[in-house]
Amino acid sequence: MKSTLINPVLNKEIRLRFRSSKSYIGIASYLGILGLISLGFIGLTLSYDYMGTFRPEESRSMFLLISMLQLALVIFITPGLTAGVISSERERQTLPILLTTAQSSTAIILSKLISSLSFLLLIVFATAPLYMIVFLYGGISPSNVVASFSLYAFAMLVIGSFGILASTIIRKTILAMVTTYSVAFFMTGGLAIITLMLTTFSYQFYNQGTDYIWPFLFASLNIPIMFFSVFEPSVMMEFQSMSGFGFSPWIIFFSFYSLFIVGCLIIAIRKLRPNMKIKSKS
Amino acid sequence: MIETVNLTKKYGSFTALNDLNLSISDGTVFGFVGQNGAGKSTTFQILATLMAPTNGTAFVNGVDVTKDPEKVRKVIGYMPDFFGVYDQFKTEEYLDFYGASYGLSAREREEVIPQLLELVNLSNKRDSYVDLLSRGMKQRLCLARSLIHDPKVLILDEPASGLDPRARIEMREILKELKTMGKTIIISSHILPELAEMCDEIGVIDNGKLIATGTVSEIQLKLQQQKVIIVMVTRDMEKTIRFFEDDPDVINVQRGSNGSIQFGYKGSDEDQQMLIKKAVMADIPMLSFKQLETNLEDVFMEITKGVEEG
Ligand SMILES: Nc1ncnc2c1ncn2[C@@H]1O[C@H](COP(=O)(O)OP(=O)(O)OP(=O)(O)O)[C@@H](O)[C@H]1O
Ligand SMILES: [Mg+2]
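These numbers were taken from a predicted model, which means no experiment stands behind them. (Residues numbered from 1 in each chain as written. Chains lettered and ligands numbered in written order. Predicted model: local features only at pLDDT ≥ 70, side-chain atom pairs only at ≥ 80, totals over all residues. Heavy atoms only, no water.)

1. Observations concerning the overall build of chain B
The secondary structure content of chain B amounts to 11 helices and 14 strands. On the principal axes, the C-alpha backbone points of chain B span a range of 80 × 40 × 35 Å. Within chain B, the proportion of its 310 residues that are buried is 53%. Of the contacts made within chain B by residues no fewer than 6 positions apart, 67% connect residues no fewer than 24 positions apart. In chain B, 35 side chains carry a positive charge and 46 a negative one; their mean positions are 2 Å apart. (Helix = DSSP H or I, 4+ residues; strand = E, 2+ residues; numbered from the N terminus. Buried < 20%, exposed > 50% of the residue type's maximum accessible area, 1.4 Å probe, protein only. Contact = heavy atoms within 4.5 Å. Lys, Arg positive; Asp, Glu negative; His and termini not counted. Charge placed at Lys NZ, Arg CZ, Asp CG, Glu CD.)

Below, the structure written as structure tokens:
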């Protein structure tokens, strides 16, 4: 029973990851960066505040700052953690042996995904004490925090699935990393820029009285914009009214990315081992 | 049982395996010999379900590798020619991980791992990090790993390569022990004598084709049927070569360095006497006529040479 719950590959990945000092240095520097920025923010706010207190509005903008910063870190770290999981085993020549074991391709791919993402989740949860400061001063609700953490996890899954796919089909880790970073930056920065550019055309349509759906569509697929809209819904509402669409952008967001995750993982599982069937010559 | 049927593998337009047909019965230790690039590793990778053939197929323990690779994986222990280890593992954990990967329970692993470490002589390295083991030790550890699920069939790609003579002998001893355990083993090498001692059968592969197969003594018989003769002459090189090429029992005449000519000879001892007599009568200025002391390796060289030219 235990062996079916804890897959050996997952077990191995987690054990080896926590054996390497790199992991601890990673966690420590992550917390360090985030902590320094938060403290810096509090310090700056206080020095400009004529009353010398940290007010709930300020606490709220600090929460937004930390959350967006954390999202940026998640987007930035996920490719590095996932794009090497298969290709590095290939490069170190441990992959052929793993592939001749009785482990199914599904078990190998999912274990690799879960282990790298659980490490990242651990880092993100380790930042929870920072949120305590924010809670102390008020301005945000616990549901805000839950929403942001769920979105981190979802963003990790989206980018992580692609990272594993890249790592499976691209032989070299370096190339897999570059590809994954490019896709991750396109999904975040790239789509945001496209949305912005499309918005500049919106007045024309507005004057003609026709619906203009593109900014809404692109914004719905953009992780940072959607993340931001949880706390500041106004921008997204503007796009929505422009588009004339009745349903929530979250439907577009979750259905598109769920398909994306499943698609990436299925292809990775299929491509991990060679297809032993002989292609019939046409 | 291992069987390949018209096994063919092409890398682009290059044919690495060309209609290879092998048949190895249960409990046999089969030596797969061939020069660098002959196609040994390619064959083994297909048998280990790591690569699809372009054509033909292979059966391991009666299971078609192209149809049911999962089932094949459960019955084979595969040792690649080059392999890496997870460097942060200790020897025991390394074996434990693979044991778990084959679905062995914790109790089974606890029982089998010390036995395997004993078999490959690594009991004293139980707590060493895998990365710190010597090359020969890593090789033995990898062999132990391939045995963890007690497979019926062992596919060992040059398990003794890169080892010093002492480590080679140790490896050979371990393999002999495995043979007594009744496993079907296919083992490759480019050095024939290394295999001759422990193999029941030998297959010689060259340019992706199986060019000779049989028991070690059968191959030795082939050796006796084909002698290698070296003739030294002082002059008249061309004339001498033409003279020997005319004899029906002479094959593959080659010009050696400083006046020597080498050829294969398949005639009987009486024929050989006649040949010498005729050569003297024909005024061939022979300094010497010498039959080479051949060993298995020479046979192998001869066999492969013949094919390259044919
Ligand atoms: N991935 C590949 N792409 C293209 N050609 C390949 C590939 N792998 C092997 N080859 C070629 O196929 C031929 C057979 O290679 P293989 O590795 O099977 O030889 P081998 O008998 O194992 O040789 P060695 O004794 O050097 O290990 C070689 O000519 C090699 O160059
Ligand atoms: Mg090889």
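2. A look at the pairing of strand S3 (residues 29-33) of chain B
All names here are of chain B. Here S3 lies mainly inside the structure; five of its five residues are buried. Every second residue of S3 is oriented toward a common face, with Val29, Gly31 and Val33 on one face and Phe30 and Phe32 on the other, all of them buried. Sheet topology note: the S3/strand S8 (residues 184-189) ladder contains five bridges and is parallel. For Phe32, the partnering residue across the bridge sits in S8 and is Ser188. (Pairing = 2+ DSSP bridges.)

3. What to know about the side chain of A:Arg90
Residues and elements named next belong to chain A. You can see Arg90 is positioned in helix H5 (residues 87-91). For the buried Arg90, no salt bridge exists, and the shortest N-O distance to an oppositely charged side chain is 7.7 Å, to Glu91. Beyond its immediate stretch of four places on either side in the chain, Arg90 contacts Leu95, Ser167, Thr168, Ile170 and Arg171. (Salt bridge = Lys/Arg side-chain N within 4 Å of Asp/Glu carboxyl O.)

4. Structural notes on the site of ligand 1
Residues and elements named next belong to chain B. Residues in contact with ligand 1, as listed here, are Tyr11, Phe14, Ala16, Gln35, Asn36, Gly37, Ala38, Gly39, Lys40, Ser41, Thr42 and Glu158. Separating an oxygen atom of ligand 1 from a side-chain N or O atom of Asn36 is a distance of 3.0 Å. Separating an oxygen atom of ligand 1 from a side-chain N or O atom of Ser41 is a distance of 2.7 Å. Its free accessible area being 630 Å², ligand 1 has 60% of it covered by the protein chains. Of all the secondary-structure elements, those providing two or more residues to the shell around ligand 1 are strand S2 (14-24) and helix H1 (40-47). Ranked by residue count, the leading element in the shell around ligand 1 is H1, at three residues. In terms of residue class, the shell around ligand 1 is built from four nonpolar, six polar and two charged. (Near = heavy atom within 4 Å. Polar contact = N/O pair within 3.5 Å; in protein donor to acceptor, adjacent residues only side chain to side chain. Areas by Shrake-Rupley, 256 points an atom, 1.4 Å probe, with all protein chains shown as cover. Nonpolar A, V, L, I, M, F, W, Y, C, P; charged D, E, K, R; others polar.)

5. Comments concerning the sheet that holds S3(B)
All names here are of chain B. Here we have six strands laid out as an open sheet, ordered S6-S7-S8-S3-S9-S10, and mixed in their pairing. Whereas interior strands pair on both sides, the edge strands pair on one side only; in this sheet they are strand S6 (76-79) and strand S10 (209-215). Between one strand axis and the next, the sheet turns through 15° on average, direction left out of account. Docked against the sheet, helix H6 (residues 165-180) engages S3, strand S7 (153-156) and S8, running at close to 155° with respect to S8. (Axes fitted to C-alpha atoms, helices over the stretch in contact; angles between N-to-C directions.)

6. Quick notes on the packing of helix H4 (residues 56-82) of chain A against helix H7 (residues 105-126) of chain A
Residue and element names in this part refer to chain A. For the pair H4 and H7, the least separation of the axes is 10 Å and the interaxial angle reads 155°. One finds that H4 runs roughly antiparallel with respect to H7. Judged by the twist between their axes, the crossing of H4 over H7 is right-handed. Contacts between H4 and H7 involve Gln70, Val74, Ile77, Thr78, Leu81 and Thr82 from the first element and Ser116, Leu117, Phe119, Leu120 and Val124 from the second. Among the residues making up the contact of H4 with H7, the classes are represented as seven nonpolar, four polar and no charged. (Parallel < 35°, antiparallel > 145°, perpendicular 65-115°, else oblique. Left-handed = near helix turned anticlockwise from the far one by under 90°.)

7. Focus on the side chain of B:Glu93
Turning to its location among the elements, B:Glu93 is positioned in helix H3 (residues 91-101). Residues contacting B:Glu93, with those up to four places away along its chain left out, are A:Arg15, A:Arg19 and B:Gln88.

8. Considerations on the interface of chain A and chain B
Listed per partner, the contact involves 26 residues of chain A and 36 residues of chain B. For the pair chain A and chain B, the summed buried surface comes to about 2,800 Å²; carbon and sulfur atoms form 63% of the total. Of all residues in chain A, A:Ile97, A:Thr100 and A:Met276 give up the largest surface area on contact with chain B, accounting jointly for 26% of the area buried on that side. Counting every contact that joins chain A to chain B gives two salt bridges. Between B:Glu93 and A:Arg19 there is a salt bridge, with the nearest N and O atoms lying 2.8 Å from each other. Our count for the contact surface shared by chain A and chain B stands at nine residue pairs in polar contact (both at pLDDT 80 or more). (Buried area = accessible area lost by both parts, 1.4 Å probe.)

9. Here's the deal with the sheet that holds strand S5 (residues 63-64) of chain B
All names here are of chain B. Read from one edge to the other, the open sheet built from four strands follows the order S2-S1-S4-S5, with strand pairing classed as antiparallel. A strand with exactly one partner marks an edge of an open sheet, and here the two such strands are S2 and S5. Here strand S4 (residues 55-60) pairs with S5 via two bridges, running antiparallel. Counterpart to Phe59 in the pairing with S5 is Asp64. In the packing of H1 onto the sheet, contacts are made with strand S1 (2-11), S2 and S4, and the angle to S1 comes to roughly 115°.

10. Some points on the confidence of the model for chain B
All names here are of chain B. Averaged over all residues, the pLDDT of chain B is 88; the fraction at 70 or higher stands at 92%. Element-level pLDDT for chain B is lowest in helix H11 (residues 296-309), with a mean of 52, against a maximum mean of 97 in H1. Long-range and interchain partners of residues 306-310, a stretch whose pLDDT sits below 50, account for seven contacts in this model, where long-range means more than four residues apart. In the predicted complex, the global pTM is 0.84; the interface-specific ipTM is 0.85. (pLDDT = per-residue confidence, 0-100.)

11. Details of H1(B)
Of all the eight residues making up H1(B), seven are buried; the element is thus mostly covered by neighbouring parts of the structure. Among all positions in H1(B), only B:Lys40, B:Ser41, B:Thr42, B:Thr43, B:Phe44, B:Ile46 and B:Leu47 are buried.

12. Thoughts on the UniProt feature "transmembrane region" (unreviewed entry) in chain A
Residue and element names in this part refer to chain A. What UniProt calls "transmembrane region" (unreviewed entry) maps, in this numbering, to residues 21-42, 62-82, 94-111, 117-137, 149-170, 176-200, 212-230 and 250-269. Between the C-alpha atoms that bound residues 149-170 there is a distance of 31 Å. The span itself is 95% helix and 0% strand. Taken as a whole, residues 212-230 contains 79% helix and 0% strand, while its terminal C-alpha atoms sit 23 Å from one another. (UniProt positions renumbered as here; feature names shortened; annotations may be inferred.)

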